[in-house]
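Residues per chain are reported as follows:
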Amino acid sequence: MSTTTLRIAMNGITGRMGYRQHLLRSILPIRDAGGVVLDDGTKVQVEPILVGRREHALAEIAREHDVQHYTTDVDAVIADPGIDIYFDSQVTSRRYAALTAAMKAGKHIFTEKPTAETLEEAIELARVRNAAGVTAGVVHDKLYLPGLVKLRRLVQEGFFGRILSMRGEFGYWVFEGDHQAAQRPSWNYRTEDGGGITTDMFCHWNYVLEGILGTVDAVTAKTVTHIPTRWDEQGQAYDATADDAAYGIFEVTSPDGDPILAQINSSWAVRVYRDELVEFQVDGTHGSAVAGLRKCVAQQRAHTPKPVWNPDLPVTESFRDQWLDVPDNADLDNGFKVQWEEFLRDVLAGREHRYDLLSAARGVQLAEAGLASSTQGKRVELSPIEL
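The structure displayed is predicted, hence computed values, not measured ones.

Undergrad: Account for the overall build of the protein chain, naming residues and giving values.
TA: Within the protein chain, the secondary structure is distributed over nine helices and 18 strands. Taking the principal axes of the C-alpha coordinates as reference, the protein chain spans close to 70 × 55 × 40 Å. For the protein chain, the proportion of its 387 residues judged to be buried stands at 52%. In the form shown here, the protein chain has an accessible surface area of approximately 18,500 Å², with 49% of it arising from carbon and sulfur atoms. The averaged location of the 55 negative side-chain charges in the protein chain is 2 Å from the averaged location of its 40 positive side-chain charges.

Structure, rendered in structure tokens:
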């Protein structure tokens, strides 16, 4: 590239994820450290341009974090030849059109997911990228979490032997908004606004399963709206039309062709009784491991105790104490920031990013299949996506 600074239009930056994870914890630290480090040791600086619908909020963020430029004109930044990268963390309903326009304008793109509201649109985005020849990256943040980095390392080293299953628990209690303010925006609970935990989280679970276990072949799911009434940001009651919990069984095939069964519960109506907000347990013939956001513990076959079922006596052993911590063995930085740096290096090298729009389309496919499985009450197989 001819520039020494990558100018990044960051759309949706006044939202929770856009501001906290992508601006505050990723791009600004990269900027303040002097830029992204290339393979030859040189640095290329980044310059964020804040984009959103609320000009006063953009101005406040720009002033607080010493950002020079902000705008409410999305079309203008997409058309601006001085912008190198377009980033999108808007609501899903606005994403397809913006990403399409950006790629057709020659912009590299980095985006939150789901990338589109339908599988057809998600596949079309991948086709547009191929035609435009730009670098496209999709946020796969959970694969960069220290806990899952360590879990994937165990898989790659053959620690588990033949992997049998995975069990995942994700979620927490999101307050209804009447007596205590909700921790998530109200649109998350309205289907008409693109809400729903299945649409949101199954896109994550697809790349987690792909990145750690293998290919997802089929899903059986049940989606539920446990809390039918919530209160919005203005304190007004509204009908929660979107699902706030999803219980899924995923059939996976490992790279060696072995079948693996994964069960993942996702809920915004559950109180946490575990070490972290998300945890995955992988069991194999030679060992097991439990990974959360940061921590990972493991138990080898030779070190596995022999529990005996006896409901007449109190348990005298501490099961948690029988597991060993998996060490970091590396500097594991913020996952969002690490992927941003990887994506920026790919842009500068003119190569594809490993977590691309096709991976995102498979996530949308799994979400649609999960919803269809719940509606139809049956197992749904997934077909390979072809461009």
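That was the structure; now back to the text.
Undergrad: How would you summarise the packing of aromatic side chains if you had to cite specific residues and measurements?
TA: Under the criterion given, the structure shown has 12 aromatic pairs. Put simply, the rings of Phe87, Phe110, Trp340 and Phe343 pair up and form one aromatic cluster. The aromatic ring of tyrosine 238 is capped on one face by arginine 190, whose charged end is 5.0 Å from the ring centroid. One Lys or Arg, arginine 230, reaches over the ring of tyrosine 189 and ends 4.1 Å from the middle of that ring.

Undergrad: Any chance you could break down the pairing of strand 3 (residues 43–51) for me, citing the residues and the numbers?
TA: Two elements, strand 1 (residues 5–11) and strand 3, share seven bridges in a ladder whose sense is parallel. Counted as the bridge partner of arginine 7 is glutamate 47 from strand 3. Taken together, strand 2 (residues 36–37) and the strand that follows it, strand 3, pair antiparallel across an intervening segment of five residues, in which glycine 41 is found at a positive phi of about 95°. As defined by bridge partners, strand 3 adjoins strand 4 (residues 69–71) across three bridges and the pair is classed as parallel. Residue pairing for strand 4: valine 51 is matched across the bridge by threonine 71.

Undergrad: Any chance you could break down the sheet that holds strand 17 (residues 324–325) for me, citing the residues and the numbers?
TA: The nine strands are arranged 17-16-15-14-8-13-12-9-18 in an open sheet whose pairing can be described as mixed. Where the open sheet ends on each side, the last strands, each with one partner, are strand 17 and strand 18 (380–381). Where strand 9 (residues 215–224) and strand 18 come together, two bridges link them in antiparallel fashion. In the strand pairing of strand 18, valine 219 is matched with valine 380. Packed on one face of the sheet, helix 7 (residues 197–212) meets strand 8 (163–171), strand 9, strand 12 (245–253), strand 13 (259–267) and strand 14 (278–284) and runs near 25° to strand 12.

Undergrad: If you had to explain the nonpolar core to someone new, which residues and values would you point to?
TA: Phe202, Trp205, Leu209 and Phe250 are the most contacted members of the largest nonpolar core, which totals 76 residues. With nine residues, helix 7 is the largest single contributor of residues to this core. Those residues within four positions of phenylalanine 250 in sequence are excluded, and the remaining contacts are Phe202, Leu209, Val216, Ala218, Val219, Ile260, Leu261, Ala262, Ile264 and Leu366. Within the second largest apolar cluster, 27 residues are counted, among which are Leu28, Ala62, Val67 and Leu348.

Undergrad: Give a description of the pattern of salt bridges that names residues and reports values.
TA: In total, this model carries 22 salt bridges according to the counting rule given. Put simply, aspartate 80 and arginine 7 hold a salt bridge, and the shortest N to O gap is 4.0 Å. With aspartate 80 in the loop between helix 3 (74–79) and strand 5 (85–88) and arginine 7 in strand 1, the pair connects residues that are 73 residues apart, well separated along the chain. Linking arginine 379 and glutamate 251 is a salt bridge whose minimum nitrogen-to-oxygen distance equals 2.6 Å. Residue arginine 379 is located in the loop between helix 9 (357–376) and strand 18, and its partner glutamate 251 is located in strand 12; the two are separated by 128 residues in the primary sequence. Look at arginine 379 and you get partly exposed, because its relative accessible area is 40%. One connected set of salt bridges, linked through shared partners, spans Glu112, Lys113, Asp141 and Lys142.

Undergrad: Which residues make up the environment of glutamate 342, and what values do they have?
TA: Within the secondary structure layout, glutamate 342 lies in helix 8 (residues 335–349). For the pair glutamate 342 and threonine 5, spaced 337 residues apart in sequence, the C-alpha separation works out to 16 Å. Not counting residues up to four positions away in its chain, the partners in contact with glutamate 342 are Tyr144, His353 and Arg354.

Conventions used here
Residues numbered from 1 in each chain as written. Predicted model: local features only at pLDDT ≥ 70, side-chain atom pairs only at ≥ 80, totals over all residues. Heavy atoms only, no water. Helix = DSSP H or I, 4+ residues; strand = E, 2+ residues; numbered from the N terminus. Buried < 20%, exposed > 50% of the residue type's maximum accessible area, 1.4 Å probe, protein only. Areas by Shrake-Rupley, 256 points an atom, 1.4 Å probe, with all protein chains shown as cover. Lys, Arg positive; Asp, Glu negative; His and termini not counted. Charge placed at Lys NZ, Arg CZ, Asp CG, Glu CD. Phe/Tyr/Trp six-rings, centres within 6.5 Å; stacked < 30°, edge-to-face > 60°. Lys NZ or Arg CZ within 6 Å of the ring centre and 35° of its normal. Pairing = 2+ DSSP bridges. Contact = heavy atoms within 4.5 Å. Axes fitted to C-alpha atoms, helices over the stretch in contact; angles between N-to-C directions. Core = buried A, V, L, I, M, F, W, Y, C linked by side-chain atoms within 4.5 Å. Salt bridge = Lys/Arg side-chain N within 4 Å of Asp/Glu carboxyl O.

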